[in-house]
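Single-letter residue listing:
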Amino acid sequence: DTEVTQTPKHLVMGMTNKKSLKCEQHMGHRAMYWYKQKAKKPPELMFVYSYEKLSINESVPSRFSPECPNSSLLNLHLHALQPEDSALYLCASSPLPQPQHFGDGTRLSIL
Amino acid sequence: AQTVTQSQPEMSVQEAETVTLSCTYDTSESDYYLFWYKQPPSRQMILVIRQEAYKQQNATENRFSVNFQKAAKSFSLKISDSQLGDAAMYFCAYSRGTSYGKLTFGQGTILTVHP
């Protein structure tokens with residue numbers, strides 16, 4: 001069982017929809033991450049939160065909006081996504097500095 | 001910029017045999033971490049083993065061990081007594097030794113285990 005919980009596991013949405021991905025951890029980790037992964041490729045870092053503050057934004061389009069309401073929770077708000085945004089979205093958390101522990105991911109499909 | 005290279009897109013091994021996955025990296029940093037992650041078709045990224053650059057001793061976790069050659073910037077993973085459950089995509093990853101780490105991944109190696 002993973003210690004980083006992601007919901008939903010699967011999401012299908014239209015290009016005009018607004019949806020959110022959720023990530024939760026109760027390991028006391030102070031850094032949390034969002035990654036995007038295409039099939040048979042390595043994960044690509046999107047955002048890093050450290051102590052609930054956004055520390056890294058890897059030039060991600062504004063249609064992706066992260067949020068860290070508290071030290072255990074990380075959200076990724078989605079709006080007006082494009083078909084090329086279909087991918088596996090992975091959340092991770094880590095003590096400082098390492099290692100990162102990943103969730104099972106959300107499989108996102110854009111119609 | 002740091003780079004991580006996995007030169008073997010695919011590898012195969014017979015059950016109970018030993019296989020070694022290769023990884024090289026490039027960095028000018030002296031303080032860093034190296035990792036091997038496993039991603040089976042179930043898609044969860046699972047940490048297999050980690051190595052701190054300042055430690056000369058090679059890390060070992062049960063059937064998994066690494067050969068860390070710091071001067072050569074090489075970090076290979078050896079899987080002993082391979083099991084069917086070892087079949088997965090394996091990623092080598094690098095992180096600077098800062099307070100929170102951006103992981104730089106290699107392109108991955110698909111490992112097939114034959115019964």
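Refer to the preceding data block for the structure.
Residues numbered from 1 in each chain as written. Chains lettered and ligands numbered in written order. Predicted model: local features only at pLDDT ≥ 70, side-chain atom pairs only at ≥ 80, totals over all residues. Heavy atoms only, no water.

(A) Quick peek at the pattern of salt bridges. Residues and elements named next belong to chain A. By the definition in use, this model includes 10 salt bridges over all chains. The residue Asp104 makes a salt bridge to Lys9 at a minimum N-O spacing of 3.8 Å. On the criterion of sequence distance, the pair formed by Asp104 in the loop between strand E10 (101-102) and strand E11 (106-110) and Lys9 in the loop between strand E1 (4-7) and strand E2 (10-13) is long-range, its members being 95 residues apart. Between Glu52 and Arg30 there is a salt bridge; the shortest N-O distance is 3.1 Å. Within this pair, whereas Glu52 is found in the loop between strand E5 (44-50) and strand E6 (53-57), its partner Arg30 is found in the loop between strand E3 (18-25) and strand E4 (31-37), the two being separated by 22 residues in sequence. (Salt bridge = Lys/Arg side-chain N within 4 Å of Asp/Glu carboxyl O. Helix = DSSP H or I, 4+ residues; strand = E, 2+ residues; numbered from the N terminus.)

(B) Highlighting the state of the cysteines. All names here are of chain A. Tallied over the entire structure, the rule returns two disulfides over all chains. The partner cysteine of Cys23 in its disulfide is Cys91, sulfur to sulfur 1.9 Å. Since a negative S-S torsion denotes a left-handed disulfide, the Cys23-Cys91 link at about -70° is left-handed. Placement of Cys23 in strand E3 and of Cys91 in strand E9 (residues 87-94) is noted, with a sequence separation of 68 residues between them. Each member of the pair Cys23 and Cys91 is classed as buried. No disulfide involves Cys68; its sulfur sits 9.3 Å from that of Cys23, the nearest cysteine. (Disulfide = S-S within 2.5 Å. Buried < 20%, exposed > 50% of the residue type's maximum accessible area, 1.4 Å probe, protein only.)

(C) Fine view of the side chain of Glu52(B). All names here are of chain B. Within the secondary structure layout, Glu52 lies in strand E6 (residues 46-52). A relative accessible area of 10% places Glu52 in the buried class. Those residues in contact with Glu52 that lie beyond four places of it in its chain are Tyr32, Tyr33 and Phe68. (Contact = heavy atoms within 4.5 Å.)

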